[in-house]
Amino acid sequence: MTRSARRRMRLRVTALCFAVAWGALLAAQAKKDAQEGARRYDQGDYDGALPFLEKAAEKGVKDGQTYYQLAYIYDRQGDKPKAQAQREKAAPLLAKQAASSKGTLEDAYYLTALYAQLQRPADMQAAAAAGIERFGNKENLSGEDLFRLGRLYQFAGRGDLSAASYRKAAAAMGQEKNPNVILYSLALISDASTDFQARRYADAAIKLEQAETLSPANAPPPFQTALSELGAGKYAQAREHFGKVRDEATTTEAQYGSALATHLEKAGGRLEADAEGT
């Protein structure tokens, strides 16, 4: 090999090493951005999460959760086309992650929720069933994973198991030092729905109020909280939440509920029939 050929070989090797090192650096930066974006996303700081997630995507991160989170944020901003594009990117990545030996319950949850959003019911059912089969009997699940398992049961149409998992999730996160406030709030809201249906209004009201305190930006619908408080005899709080209702579908009912709360408070919690027996 001539001196010139050796020189060209050294240059090619140097360029290759540089390209590999640069690629590794970009991958590391993308992973770091994705992790910071996910951390902020989990805290409900969607505006703060967005630039980190976008940078991770621009650097070619290969994590389906990143694209799912981007889709969710774009959806909240009302940018439906961008949200749909991110979901399409997330689908094959999440499917691969969920099926791998390193797949997590979080991957299974994101994949199932993604198929629901993409209106692919058969895939949604299959993903939920696979996640339940793999993680349904796992012991020592965190509060967050118990919530995700509850969602999988819900997607699979197993309301009884879903409700039980949400209750366990809420109890577990109540004991954890730094629970995910978004998932904790959602677990409380889901568990409160079970209490309300069982006419345990006081328990439902406490959980809904706690959920609102934990995550004001993702608070339960005020009408739901007000109804629970009305049933629990917390009339002043019920009036306050009825007054926050802005949904046109329930504004009339909210006005009636507020008036009823005032009447019940004045009557000491008693409903008295009028002349017509109503």
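All figures in this text were calculated on a predicted structure; none of them were measured in a lab.

A. View of the packing of helix 7 (residues 143-155) against helix 8 (residues 159-175). Between helix 7 and helix 8, whose axes approach to 8 Å, the crossing angle comes to 165°. As the angle between them shows, helix 7 and helix 8 are arranged roughly antiparallel. Where helix 7 crosses over helix 8, the handedness of that crossing is left-handed. The residues of helix 8 that touch helix 7, namely those facing Gly-143, Glu-144, Leu-146, Phe-147, Leu-149, Gly-150, Arg-151, Tyr-153 and Gln-154, are Leu-161, Ser-162, Ser-165, Tyr-166, Lys-168, Ala-169, Ala-172 and Met-173. Taken together, the residues of the contact of helix 7 with helix 8 break down into 9 nonpolar, 5 polar and 3 charged.

B. The arrangement of the packing of aromatic side chains in detail. Here the structure, examined in full by the defined rule, presents 8 aromatic pairs. Judged by centre distance (5.4 Å) and plane angle (70°), the rings of Tyr-41 and Tyr-46 are edge-to-face. Pair check on accessibility: Tyr-41 and Tyr-46 agree, each one buried. Ring centres of Tyr-41 and Tyr-72 lie 5.8 Å apart, and the angle between their planes is 75°; this geometry places the pair in the edge-to-face category. Residue Tyr-41 is found in helix 1 (residues 3-42), and its partner Tyr-72 is found in helix 3 (residues 64-76); the two are separated by 31 residues along the sequence.

C. View of the pattern of salt bridges. Taken as a whole, this structure holds 20 salt bridges when the rule is applied. With a shortest N-O distance of 2.9 Å, Arg-148 and Asp-145 are connected by a salt bridge. With Arg-148 and Asp-145 both in helix 7, this residue pair falls 3 residues apart, about one helical turn. Where Arg-200 meets Asp-195, a salt bridge forms, and the shortest distance between an N and an O atom there is 2.8 Å. With relative accessibility at 0%, the residue Asp-195 sits in the buried group. Counted as one network, the salt bridges with shared partners bring together Arg-167, Asp-191, Asp-195, Arg-200 and Lys-207.

D. Just the packing of helix 8 against helix 9 (residues 181-197), in detail. Between helix 8 and helix 9, the least distance of the axes is 8 Å, while the angle of their chain directions is 130°. Taken together, helix 8 and helix 9 sit at an angle that is classed as oblique. In this structure, helix 8 meets helix 9 at a crossing whose hand is left-handed. Seen from helix 8, the contacting residues are Ala-163, Tyr-166, Arg-167, Ala-169, Ala-170, Met-173 and Gly-174; seen from helix 9, they are Leu-183, Tyr-184, Ala-187, Leu-188, Ser-190, Asp-191, Thr-194 and Asp-195.

E. Up close: helix 8. For helix 8, spanning 17 residues, the distance from its first C-alpha to its last is 25 Å, which sits close to the expected 24 Å at 1.5 Å a residue. Three or more residues of helix 8 are buried, namely Ser-162, Ala-163, Ser-165, Tyr-166, Ala-169, Ala-170 and Met-173. Down the axis of helix 8, the buried side of the element spans an arc of 165°, and every buried residue falls inside it. In this structure, helix 8 carries Lys-168 and Gln-175 as exposed residues pointing more than 90 degrees from its buried face. Contact partners of the buried residues in helix 8: helix 7 and helix 9.

F. A look at unusual backbone geometry. With a phi close to 60°, Asn-140 is a non-glycine residue in the positive phi region. Within the element layout of this structure, Asn-140 appears in the loop between helix 6 (121-135) and helix 7. Positive phi values are uncommon outside glycine, yet Arg-199 reaches one of about 65°. The exposure class of Arg-199 is exposed, given its relative accessible area of 67%.

G. Local environment of the confidence of the model for the protein chain. Within the protein chain, residue pLDDT values average 88, and 87% of them lie at 70 or more. Contacts from residues 15-25, a stretch scored under 50 in pLDDT, to residues over four places away or in other chains number 0 contacts. Scored below 50 in pLDDT, residues 273-278 shows 2 contacts in the model against residues more than four places distant or in partner chains.

H. Highlighting the nonpolar core. Membership of the largest hydrophobic core comes to 29 residues, with the highest contact counts inside it found for Tyr-41, Tyr-68, Ile-73, Leu-94 and Leu-114. Elements that contribute at least two residues to this core include exactly helix 1, helix 2 (46-58), helix 3, helix 4 (80-99), helix 5 (105-117) and helix 6. In terms of residue count, the dominant contributor to this core is helix 5 (6 residues). Setting aside anything within four residues of it in sequence, one finds Tyr-68 in contact with Tyr-41, Ala-90, Leu-94, Tyr-110, Ala-113, Leu-114 and Gln-117. Core analysis: the second largest hydrophobic core is formed by 15 residues, Phe-147, Ile-189, Ala-204 and Leu-208 among them.

The rules behind each value
Residues numbered from 1 in each chain as written. Predicted model: local features only at pLDDT ≥ 70, side-chain atom pairs only at ≥ 80, totals over all residues. Heavy atoms only, no water. Axes fitted to C-alpha atoms, helices over the stretch in contact; angles between N-to-C directions. Helix = DSSP H or I, 4+ residues; strand = E, 2+ residues; numbered from the N terminus. Parallel < 35°, antiparallel > 145°, perpendicular 65-115°, else oblique. Left-handed = near helix turned anticlockwise from the far one by under 90°. Contact = heavy atoms within 4.5 Å. Nonpolar A, V, L, I, M, F, W, Y, C, P; charged D, E, K, R; others polar. Phe/Tyr/Trp six-rings, centres within 6.5 Å; stacked < 30°, edge-to-face > 60°. Buried < 20%, exposed > 50% of the residue type's maximum accessible area, 1.4 Å probe, protein only. Salt bridge = Lys/Arg side-chain N within 4 Å of Asp/Glu carboxyl O. Expected span 1.5 Å × (residues − 1). Arc of directions from axis to C-beta. pLDDT = per-residue confidence, 0-100. Core = buried A, V, L, I, M, F, W, Y, C linked by side-chain atoms within 4.5 Å.

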